[in-house]
Amino acid sequence: MYSEVRHDESFDNKPCVLSCSVGPSTSASWPGQPSVIEPRIGAQVLVGEGISLTFGGVKALRNVSFDVRKGELFSIIGPNGAGKTSLLNCVSGRYKPSQGELRFEGVSLTSLGASRRAQSGIARTFQNLALFSHMTVLDNILVGRHHLMRSNFLTEGLYWLTGAAKEEAAHRRRVEELIEFLEIEHVRHAMAGSLSYGLRKRVELARAMAIEPRLLLLDEPMAGMNLEEKEDIARFVVELSRERGTTIIMIEHDMGVVMDISDRVLVLNYGEVIAQGTPADVLTNSTVRQAYLGAESI
Ligand SMILES: Nc1ncnc2c1ncn2[C@@H]1O[C@H](COP(=O)(O)OP(=O)(O)OP(=O)(O)O)[C@@H](O)[C@H]1O
Ligand SMILES: [Mg+2]
C-alpha cells in the first residue's frame, strides 16, 4: 500500500528557502495553453500522453498526461509512493510504460532504450546516489562525457596525431568548468565514496550536466540535506535553468523550494495527476491540499 504522506511537507507555515529574486514566473498560466509565456520558455520539448505503468497488482501510474516546455523548471510533487520516480524512469527509459506515449523534441521515445535517450540529450540523477565510489570526483564527472568523446580504441594508439590529446584536454576543461560551477574544486581528486552526502549529490549533478543535456531529470536532488546545502543546490538548479536555459524536471519533497523556484508543478497522487499548473495554481487547489493535509483540514 502507499506510505504515509509526510506531514512536514504541508503547504502552511513553510518558509521558502530562497529569496523572491529567484521566484517562479508568475506571468504564465496553466493548465491548458499558457496565456503569456516567459520569454525564456519555449515550445513543448517533452510530451507524455496517457502514461500508465503497472507492477504486478500495483498501478504506479494511471493515464498520466503532461508537457514540459523548453527552458522550463518543471517540478513533480506528491506523497510517498505517488509515482514520481516511476514517471521519471519512464522518461529516462528505465521503465517501459504499459500504455501511453512519450515524445521528446517531437520524436517518440517508445522504441529508444536508456542509453539512446542519454545520447539524444536526456540526463538524470538518482534518488539513491549512483556514483563510482572508488573513482575520483574528476573521473566520475568525466564518465558523463564518455558518449561525447570521438576517440576510440583505434585512435588511442595515435593519441598525439589524431587530435585525441586535444579532445581530451577540451573535455577536461569542460569538467573543470562544471567543478567550479558546483563549487567542488577542493574535492576534485578525492574518491567519491569518501565525500559527505551533500557533496556526493553535487558530484552526481555535475556528472549529469557533463552529458550536456537538453533535458535534465533530477530525482530529489536536495533529499537529506540541511538548509544551507539545500539552498546551494537550489541556487545551482535555478542558475542552470534561468541562466543556462537547461530544461529541468525535478522531483522534490521540500514545498518551500518547489513553490519558490518552479515554473510549473505536476502533482501526482496514487499514480494519477491531480493538478498541473503554476505554483500559485497548485497551492490553492483543493484536491492538492486534501491529498497533502487530509480531508479534515479543508
Ligand atoms: N521496480 C518496482 N517494482 C515494484 N513496484 C514498484 C517498483 N517501482 C515502483 N514501484 C511501486 O510503484 C509505486 C510508485 O513508486 P515510486 O517510487 O514511483 O513513488 P515515488 O512517488 O517516487 O515515492 P517516494 O516519494 O517515496 O520516492 C509504489 O507503490 C512503489 O512501491
Ligand atoms: Mg521517488
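Above this note sits the structure.
The structure displayed is predicted, hence computed values, not measured ones.

### Considerations on helix H6 (residues 197-210)
Then, number 1: The end-to-end C-alpha distance of H6, which contains 14 residues, comes to 20 Å, matching closely the 20 Å that a straight helix rising 1.5 Å per residue would cover.
Then, number 2: Burial analysis of H6 places 12 of its 14 residues in the buried class, the great majority of the element.
Then, number 3: If you check which residues of H6 are buried, you get Gly 198, Leu 199, Lys 201, Arg 202, Val 203, Glu 204, Leu 205, Ala 206, Arg 207, Ala 208, Met 209 and Ala 210.
Then, number 4: Immediately downstream of H6, the backbone of Glu 212 shows phi near 60 degrees, a positive value.

### Some remarks on the packing of aromatic side chains
When we look at a pair of aromatic rings, we describe it by the centre distance and by the angle of the planes.
Then, number 1: Inspection of the entire model under this criterion finds three aromatic pairs.
Then, number 2: Between the aromatic rings of Phe 55 and Tyr 95, the centroid separation amounts to 5.1 Å while the plane-to-plane angle is 75 degrees, which identifies the pairing as edge-to-face. Separated by 40 residues along the polypeptide, Phe 55 in strand S1 (residues 44-55) and Tyr 95 in the loop between helix H1 (84-92) and strand S4 (99-104) bring together distant segments of the chain.
Then, number 3: Taking the centre distance of 5.6 Å and the plane angle of 55 degrees together, the rings of Phe 181 and Phe 236 count as tilted. Separated by 55 residues along the polypeptide, Phe 181 in helix H5 (residues 164-181) and Phe 236 in helix H7 (residues 227-242) bring together distant segments of the chain. In this pair, the class of Phe 181 matches that of Phe 236, namely buried.

### Comments concerning the pattern of salt bridges
Then, number 1: Inspection of every chain in the model, using the stated rule, returns 16 salt bridges.
Then, number 2: Two residues, Glu 176 and Arg 188, come together in a salt bridge whose shortest N-O distance is 2.8 Å. Here Glu 176, found in helix H5, pairs with Arg 188, found in the loop between H5 and H6; they are 12 residues apart in sequence, far enough to count as distant.
Then, number 3: According to the relative accessible area criterion, Glu 176 is partly exposed, its value standing at 28%.
Then, number 4: Of the charged contacts, one joins Arg 244 and Glu 177 as a salt bridge, the two residues approaching to 3.2 Å between their closest N and O atoms.

### What about the sheet that holds strand S7 (residues 215-219)?
Then, number 1: The six strands are arranged S6-S7-S8-S3-S9-S10 in an open sheet whose pairing can be described as mixed. Each end of this open sheet is capped by a strand with a single partner; those strands are strand S6 (122-124) and strand S10 (272-277). Within the sheet, the average angular offset between the axes of one strand and its neighbour, ignoring direction, is 15 degrees.
Then, number 2: Its contacts with the sheet place H1 against strand S3 (73-77), S6, S7, strand S8 (247-251) and strand S9 (264-269), and it is angled at close to 150 degrees to S7.
Then, number 3: Against the sheet, H7 makes contact with S3, S7 and S8, and its axis sits at roughly 150 degrees relative to S8, the strand it touches most.

### Thoughts on the environment of Phe 236
Then, number 1: With relative accessibility at 1%, the residue Phe 236 sits in the buried group.
Then, number 2: It is 9.8 Å that separates the C-alpha atoms of Phe 236 and Glu 183, two residues lying 53 residues apart in sequence.
Then, number 3: Not counting chain neighbours up to four residues away, the residues in contact with Phe 236 comprise Phe 181, Leu 182, Glu 183, Arg 202 and Leu 205.

### Let's talk about the sheet that holds strand S5 (residues 107-108)
Then, number 1: Ordered by their spatial adjacency, four strands build an open sheet running S2-S1-S4-S5, and the pairing between neighbours is antiparallel. Looking at the sheet topology across the chains shown, the edges are occupied by strand S2 (58-69) and S5.
Then, number 2: Where S1 meets S4, five bridges bridge the pair, whose relative direction is antiparallel. Looking across to S4, one finds that Glu 49 is bridged to Glu 101.
Then, number 3: Seen against the sheet, H1 touches S1, S2 and S4 and runs at an angle of roughly 65 degrees to S2.

### Some points on the environment of Glu 239
Then, number 1: By the secondary structure assignment, Glu 239 is in helix H7.
Then, number 2: Note on Glu 239: relative accessible area 25%, which makes it partly exposed.
Then, number 3: As for Glu 239 and Phe 181, which are separated by 58 residues in sequence, their C-alpha atoms are 9.7 Å apart.
Then, number 4: Setting aside chain neighbours within four positions, we find Glu 239 in contact with Phe 181 and Arg 244.

About the thresholds
- Residues numbered from 1 in each chain as written.
- Chains lettered and ligands numbered in written order.
- Predicted model: local features only at pLDDT ≥ 70, side-chain atom pairs only at ≥ 80, totals over all residues.
- Heavy atoms only, no water.
- Helix = DSSP H or I, 4+ residues; strand = E, 2+ residues; numbered from the N terminus.
- Expected span 1.5 Å × (residues − 1).
- Buried < 20%, exposed > 50% of the residue type's maximum accessible area, 1.4 Å probe, protein only.
- Phe/Tyr/Trp six-rings, centres within 6.5 Å; stacked < 30°, edge-to-face > 60°.
- Salt bridge = Lys/Arg side-chain N within 4 Å of Asp/Glu carboxyl O.
- Pairing = 2+ DSSP bridges.
- Axes fitted to C-alpha atoms, helices over the stretch in contact; angles between N-to-C directions.
- Contact = heavy atoms within 4.5 Å.

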